[in-house]
Amino acid sequence: MKRSDRLARLVRAAANNGIVIPAFNVFYLPLIKPICEALIAHNTLGMVEVSRIELRKFEVPSISAAAEEYRKHANLRITALHLDHIPVIDEDGLEVDWHPLIEEGIRSGYDSVMIDASRLPFEDNVAVTAEVVRMAHAEGVLVEAELGSVLGHEAGPLPPYEELFESKAGFTDPEQAREFVRRTNVDWLSVSVGSVHGAIAGATKNQAKVEARLDIERIRQLRDATGVPLVLHGGSGIRLEYVREAIANGIAKINIATDIRQPYDRIIAEGGTVQEGQKVVFDTVSDIIVNRYSIKGSVSRLERLVVYE
Ligand code: 13P
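For the structure given in this document, a descriptive report is provided here.

Thresholds, definitions, all that
- Residues numbered from 1 in each chain as written.
- Predicted model: local features only at pLDDT ≥ 70, side-chain atom pairs only at ≥ 80, totals over all residues.
- Heavy atoms only, no water.
- Near = heavy atom within 4 Å.
- Polar contact = N/O pair within 3.5 Å; in protein donor to acceptor, adjacent residues only side chain to side chain.
- Helix = DSSP H or I, 4+ residues; strand = E, 2+ residues; numbered from the N terminus.
- Nonpolar A, V, L, I, M, F, W, Y, C, P; charged D, E, K, R; others polar.
- Expected span 1.5 Å × (residues − 1).
- Buried < 20%, exposed > 50% of the residue type's maximum accessible area, 1.4 Å probe, protein only.
- Contact = heavy atoms within 4.5 Å.
- Axes fitted to C-alpha atoms, helices over the stretch in contact; angles between N-to-C directions.
- Parallel < 35°, antiparallel > 145°, perpendicular 65-115°, else oblique.
- Left-handed = near helix turned anticlockwise from the far one by under 90°.
- Core = buried A, V, L, I, M, F, W, Y, C linked by side-chain atoms within 4.5 Å.

The ligand sits among 15 residues. The nearest are K209, G234, S236, A257 and T258. D84 has a polar side-chain atom sitting 2.7 Å from an oxygen atom of the ligand. In this structure, an oxygen atom belonging to the ligand sits 2.7 Å away from a main-chain N or O atom of A257. Secondary structure elements with two or more residues in the shell around the ligand: strand 3 (79–87) and strand 8 (251–256). Tallied by class, residues from the shell around the ligand come to three nonpolar, 10 polar and two charged.

The structure is reproduced here in structure tokens:
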């Protein structure tokens, strides 16, 4: 069995049974330990993830260094490693030499990689994503892509949230998504349905996030059109009633960054130790798993749902 087969089945079982797989962004290497420990303590399937943003704008030295640190704390039955947002055009509008980054992820043992060509025209997004799918699948690695635009990582201010939500500007179109998945063979798809990323630029990165809503009907349409597990970015700060509905309607993975980074940053800024920062990350991840997503014990539930051939 390829290394991704088990994970792919668990992800599908999650999508079909209203169970979510949380994926926690690592801005600093010491965050990996408490994230893994909390997932293991609660027997909950979840991911550690690193994106190019954490390499360029925070303190993760490299994609392979994160993989090495992850292996010290991982439990391969419970945790998985994902390479988040490798953009083709980045949040500052710059072209990225993405090939070596994706290759490093595949080579250093990531279970899943994300190519983000969402700032490109549709046809180019299809072409780049299909190329990454060929590269990754040859090595048994899953691929996530993005269609539509999830704002928030850009340096400028966001348009007023309610206007954004009402206009549905940049929301993923179900018919385009159907075609995208058919032509790329991507394993899971990040969709734009109302969430926004937490800010990462300058002073805004310490501010409270907007309380996002989600278009549940759009999520349902996307699930039915694509047939693949859907991914929700910008998972911090979304109103809970929307999160629960989204999970019940096809969102299989939620990315969470701001909710764990800000408490850690606060501890360190106040002169706390790395150990104290790790404790707050453990507690926050535990709270998200147990109270927010109600997925304590999800590994055993998912394993029971998966029928191995
Ligand atoms: P938040 O910072 O809103 O949790 O978003 C995380 C994310 O989507 C990373 O890809």
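Additional details are given in the paragraphs that follow.
With that settled, consider unusual backbone geometry. A positive phi angle is found at N43, which is not glycine, with a value near 50 degrees. Tracing the sequence through the fold places N43 in the loop between helix 2 (32–41) and strand 2 (46–50).

It is worth spelling out helix 12 (residues 274–292) at this point. For helix 12, with 19 residues, the first-to-last C-alpha span of 25 Å sits near the 27 Å given by 1.5 Å per residue. Looking only at helix 12, the buried set comprises G277, Q278, V281, T284, V285, S286, I288, I289 and R292. Two residues or fewer after helix 12 comes S294, characterised by a positive phi angle close to 50 degrees.

Turning our attention to the side chain of E144. Tracing the sequence through the fold places E144 in strand 5 (residues 142–147). A distance of 2.7 Å separates a polar atom in the side chain of E144 from a polar atom in the side chain of K253. For E144, the contacting residues outside a window of four places in its chain are H82, V113, M114, I115, V186, W188, S190, V231, H233 and K253.

Once that is clear, we can look at the environment of A15. Within the element layout of this structure, A15 appears in helix 1 (residues 3–16). Residue classification places A15 among the buried positions, given a relative accessible area of 13%. Sequence separation between A15 and I200 is 185 residues; the distance between their C-alpha atoms is 29 Å. Contacts of A15, omitting those with residues within four sequence positions, involve P229, G250 and A252.

So, about the packing of helix 9 (residues 216–226) against helix 10 (residues 240–248). Across the interface, helix 9 lies against helix 10 with an axial gap of 9 Å and an inter-helix angle of 15 degrees. It follows that helix 9 is roughly parallel to helix 10 by the angle criterion. Here helix 9 runs over helix 10; the crossing is right-handed. Each of I216, I219, R220 and R223 in helix 9 lies in contact with helix 10, whose residues at this interface are Y242, E245, A246 and A248. Broken down by class, the residue content of the contact of helix 9 with helix 10 amounts to five nonpolar, no polar and three charged.

On to the nonpolar core, then. I35, V113 and L189 are the most contacted members of the largest nonpolar core, which totals 103 residues. Here this core gets seven residues from one element, more than from any other, and that element is helix 1. In contact with I35, not counting residues within four places along its chain, are F24, V26, V48, I260, V281 and V285.

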